[in-house]
Amino acid sequence: MRYLLLISHGTMAPGLHSVLRMLLGERDDVLSYSMEDGVSADAYTAALADVIAPITPDDSVIVLGDIVGGSPLTNALNVLTGKGLLPNTIAFGGMNLPMAISVLMAMDDGMDDASLVASVISEAREGARQVELAFDDDEDEEDL
């Protein structure tokens, strides 16, 4: 089985998980955990080990973390290493909703790892754009 593991500081990962449930329904292959303020690295890694308990060495994991090099993602990779899962892991930083949806669509399509990585990176780049705001100055004056 392929799993999506969402990792973050604060409540970003559980919040994104909640949005994914709202948009795509409940899924057994999505897990999330976050490092909340004041929680030690030891407490975080112990709790994360419980979260990823369903993942076996026969499974693969796609990890989306909020920040490359951040404590939550670094510690999550250490926990996956300790469980012997790192060879079956693909990790990304800069997590956002379009990336997560792209991962789930790729998982559902049975996409190979290289294609999944290309798709997720492309979606992440396309998902970050400025929204062009247009308004009519004449209309504003009429409203006054």
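Relevant structure appears above.
Residues numbered from 1 in each chain as written. Predicted model: local features only at pLDDT ≥ 70, side-chain atom pairs only at ≥ 80, totals over all residues. Heavy atoms only, no water.

**Things to note about the pattern of salt bridges**
Two side chains bearing opposite charge may form a pair once their charged atoms approach each other closely. Scanning all chains against the criterion turns up four salt bridges. Two residues, glutamate 26 and arginine 21, come together in a salt bridge whose shortest N-O distance is 3.5 Å. A residue is classified by how much of its surface remains accessible, and glutamate 26, at 58% relative accessible area, is exposed. Across the pair aspartate 108 and arginine 27 runs a salt bridge, and its minimum N-O distance is 2.8 Å. In this pair, aspartate 108 is assigned in helix H4 (residues 97–109) and arginine 27 in the loop between helix H1 (12–24) and strand E2 (30–35), connecting sequence segments 81 residues apart. One network of salt bridges, in which partners are shared, links Arg27, Asp29 and Asp108. (Salt bridge = Lys/Arg side-chain N within 4 Å of Asp/Glu carboxyl O. Buried < 20%, exposed > 50% of the residue type's maximum accessible area, 1.4 Å probe, protein only. Helix = DSSP H or I, 4+ residues; strand = E, 2+ residues; numbered from the N terminus.)

**Observations regarding the side chain of arginine 2**
In this structure, arginine 2 sits in strand E1 (residues 2–9). Side-chain polar atoms of arginine 2 contact the backbone oxygen of methionine 111, separated by 2.7 Å. For arginine 2, the side chain forms a polar contact with the side chain of aspartate 113, separated by 2.5 Å. Other than its neighbours up to four places away in sequence, arginine 2 contacts Asp29, Ser60, Ile62, Ala106, Met107, Met111, Asp112, Asp113 and Leu116. (Polar contact = N/O pair within 3.5 Å; in protein donor to acceptor, adjacent residues only side chain to side chain. Contact = heavy atoms within 4.5 Å.)

**Concerning the nonpolar core**
In terms of nonpolar packing, the biggest core is built from 20 residues, with Leu4, Leu6, Leu64 and Phe92 touching the most fellow members. For this core, the secondary structure elements donating two or more residues are E1, H1, strand E3 (60–65), strand E4 (89–92), H4 and helix H5 (113–127). Considering each element in turn, this core owes the most residues, six residues, to H4. Membership of the second largest hydrophobic core comes to 16 residues, among which are Tyr44, Ile55, Val63 and Leu80. (Core = buried A, V, L, I, M, F, W, Y, C linked by side-chain atoms within 4.5 Å.)

**A short note on the pairing of E1**
A large share of E1 lies buried, amounting to seven of its eight residues. Note: E1 against E3, six bridges, orientation parallel. Of the residues in E3, the one forming a bridge with tyrosine 3 is valine 61. In the sheet, E1 pairs with E2 via six bridges, with the strands oriented parallel. Pairing of histidine 9 across the sheet is with methionine 35, part of E2. (Pairing = 2+ DSSP bridges.)

**Comments concerning the packing of helix H2 (residues 41–51) against helix H3 (residues 71–82)**
Viewed as axis vectors pointing N to C, H2 and H3 meet at an angle of 55°, and their least axial separation amounts to 10 Å. Taken together, the axes of H2 and H3 lie oblique to each other. When you trace H2 past H3, the crossing you get is right-handed. Every residue of H3 that contacts H2 at Ala41, Tyr44, Thr45, Leu48 and Ala49 is listed here: Pro72, Asn75, Ala76 and Val79. Taken together, the residues of the contact of H2 with H3 sort by class into seven nonpolar, two polar and no charged. (Axes fitted to C-alpha atoms, helices over the stretch in contact; angles between N-to-C directions. Parallel < 35°, antiparallel > 145°, perpendicular 65-115°, else oblique. Left-handed = near helix turned anticlockwise from the far one by under 90°. Nonpolar A, V, L, I, M, F, W, Y, C, P; charged D, E, K, R; others polar.)

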